[in-house]
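One-letter residues, chain by chain:
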Amino acid sequence: EAVSALVAIARSNDVMEVRKAALRGMANLHPEKAIPFYLDWTANPNAGALRMEAVSAIGVMNGEEAGKALRQLLRDSPYRDVRRAVLMQYVARQSGSPVGLIENLLKTEKDADMRVAAVAALGIRGNDAGISVLVSVLEGKDSEKVKSTARLALTQIGTAKAKAALSSSAFIPSFIPD
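In this report, the structure presented in the accompanying data block is examined.

Definitions and cut-offs
Residues numbered from 1 in each chain as written. Predicted model: local features only at pLDDT ≥ 70, side-chain atom pairs only at ≥ 80, totals over all residues. Heavy atoms only, no water. Salt bridge = Lys/Arg side-chain N within 4 Å of Asp/Glu carboxyl O. Helix = DSSP H or I, 4+ residues; strand = E, 2+ residues; numbered from the N terminus. Buried < 20%, exposed > 50% of the residue type's maximum accessible area, 1.4 Å probe, protein only. Core = buried A, V, L, I, M, F, W, Y, C linked by side-chain atoms within 4.5 Å. Contact = heavy atoms within 4.5 Å. Phe/Tyr/Trp six-rings, centres within 6.5 Å; stacked < 30°, edge-to-face > 60°. Lys NZ or Arg CZ within 6 Å of the ring centre and 35° of its normal. Lys, Arg positive; Asp, Glu negative; His and termini not counted. Polar contact = N/O pair within 3.5 Å; in protein donor to acceptor, adjacent residues only side chain to side chain. Expected span 1.5 Å × (residues − 1). Axes fitted to C-alpha atoms, helices over the stretch in contact; angles between N-to-C directions. Parallel < 35°, antiparallel > 145°, perpendicular 65-115°, else oblique. Left-handed = near helix turned anticlockwise from the far one by under 90°. Nonpolar A, V, L, I, M, F, W, Y, C, P; charged D, E, K, R; others polar.

**Looking at the pattern of salt bridges**
- Evaluation of the coordinates by the stated rule reveals ten salt bridges.
- Between Asp 111 and Arg 80 there is a salt bridge; the shortest N-O distance is 2.8 Å. Taken as a pair, Asp 111 in the loop between α7 (99-108) and α8 (112-125) and Arg 80 in helix α6 (residues 80-92) lie far apart in primary sequence, 31 residues in all.
- A residue is classified by how much of its surface remains accessible, and Asp 111, at 24% relative accessible area, is partly exposed.
- When its relative accessible area of 33% is taken as the criterion, Arg 80 is described as partly exposed.
- Residue Lys 145 is joined to Asp 113 by a salt bridge in which the shortest nitrogen-to-oxygen separation is 3.1 Å. Of this pair, Lys 145 sits in helix α10 (residues 144-157) while Asp 113 sits in helix α8, placing them 32 residues apart in sequence.
- A relative accessible area of 29% places Asp 113 in the partly exposed class.
- Within this structure, Arg 80, Asp 111, Asp 113 and Lys 145 form a network of salt bridges that share partners.

Shown next as structure tokens:
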């Protein structure tokens with residue numbers, strides 16, 4: 001079967017670009033069959049750049065199985081780079097909104113760098129849907145690093161509603177004197 005041949009190439013070829021092309025090729029042939037292989041690659045501690053290629057391949061797929069795989073990776077992956085890549089895939093998707101997913105992530109995520117990535121993703125998406133989440137971050141107990149990222153995200157959104165949220169005196173950083 002072609003997918004099996006591509007898996008063998010991805011596992012054995014010494015040239016990274018060939019390995020990446022094999023991973024991308026799986027999605028083109030049989031997306032539904034490729035997802036388990038991609039999930040295996042994202043769990044491989046020695047896969048390096050191939051982990052990111054696998055996340056990207058899942059991210060460009062349509063369908064419930066791809067969405068389910070991305071949610072699983074965001075929730076369960078032990079690798080911060082994989083989880084950040086999943087966030088960026090959600091942001092890049094044109095359909096649907098990542099706001100609910102990011103809001104739920106922020107309710108449970110303890111890792112400050114992942115919190116920064118999640119907040120930044122709302123700014124990258126660039127619409128008003130994420131403003132209430134960003135305001136919650138600014139009003140919450142996050143570190144100044146996360147709050148600074150929330151302010152930057154509001155600036156990136158740039159709409160009148162985002163500017164109004166940003167200009168609120170409650171969101172002035174604590175290190176700026178009165």
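**Structural notes on the nonpolar core**
- Residues Met 26, Tyr 38, Ile 58, Val 86, Leu 87 and Leu 134 are the most contacted members of the largest nonpolar core, which totals 55 residues.
- Tallying contributions element by element places α8 first for this core, with seven residues.
- Setting aside its immediate chain neighbours within four residues, Val 86 contacts Val 55, Leu 70, Leu 73 and Leu 74.

**Structural notes on the environment of Ile 157**
- Residue position: Ile 157 is located in helix α10.
- On the basis of relative accessibility, which here comes to 8%, the residue Ile 157 falls in the buried class.
- A sequence separation of 34 residues divides Ile 157 from Gly 123, and the C-alpha atoms of the two residues are 5.6 Å apart.
- Residues within four places of Ile 157 in sequence aside, it is in contact with Leu 122, Gly 123, Gly 126, Asn 127, Asp 128, Ile 131, Leu 134 and Ala 162.

**Overview of the packing of aromatic side chains**
- Scanning the model with the defined rule gives zero aromatic pairs in all.
- Its end group placed over the ring of Tyr 79, Arg 51 keeps NZ or CZ at 4.1 Å from the ring centre.

**A closer look at the side chain of Lys 147**
- You can see Lys 147 is positioned in helix α10.
- One buried charged residue, Lys 147, forms no salt bridge at all, with the nearest opposite charge on Glu 144 at 5.9 Å.
- Side-chain polar atoms of Lys 147 contact the backbone oxygen of Gly 140, separated by 2.7 Å.
- In contact with Lys 147, not counting residues within four places along its chain, are Val 137, Leu 138, Gly 140 and Asp 142.

**Things to note about α10**
- Between its terminal C-alpha atoms α10 stretches 20 Å, which fits the 20 Å expected from 14 residues at 1.5 Å a residue.
- For α10, the full list of buried residues reads Val 146, Lys 147, Thr 149, Ala 150, Arg 151, Ala 153, Leu 154 and Ile 157.
- On its buried face, α10 is in contact with α8, α9 (131-139) and α11 (160-167).
- A positive phi of about 70° marks Gly 158, the residue just after α10.

**Here's the deal with the side chain of Arg 51**
- With respect to the element layout, Arg 51 can be found in helix α4 (residues 49-60).
- With residues near it in sequence (within four places) discarded, Arg 51 still touches Trp 41, Thr 42, Asn 44, Pro 45, Tyr 79, Asp 81 and Val 82.

**Some thoughts on the packing of helix α5 (residues 64-76) against α6**
- Taken N-terminus to C-terminus, the directions of α5 and α6 make an angle of 140°; their axes are 8 Å apart at the nearest point. In terms of orientation, α5 and α6 fall into the oblique class. Crossing geometry of α5 relative to α6 is assigned as left-handed. Every residue of α6 that contacts α5 at Gly 67, Leu 70, Arg 71, Leu 73 and Leu 74 is listed here: Val 82, Arg 83, Val 86, Leu 87 and Tyr 90.
- Classifying every residue of the contact of α5 with α6 gives seven nonpolar, one polar and two charged.

Purely geometric stuff here, so don't read any function into it on its own.
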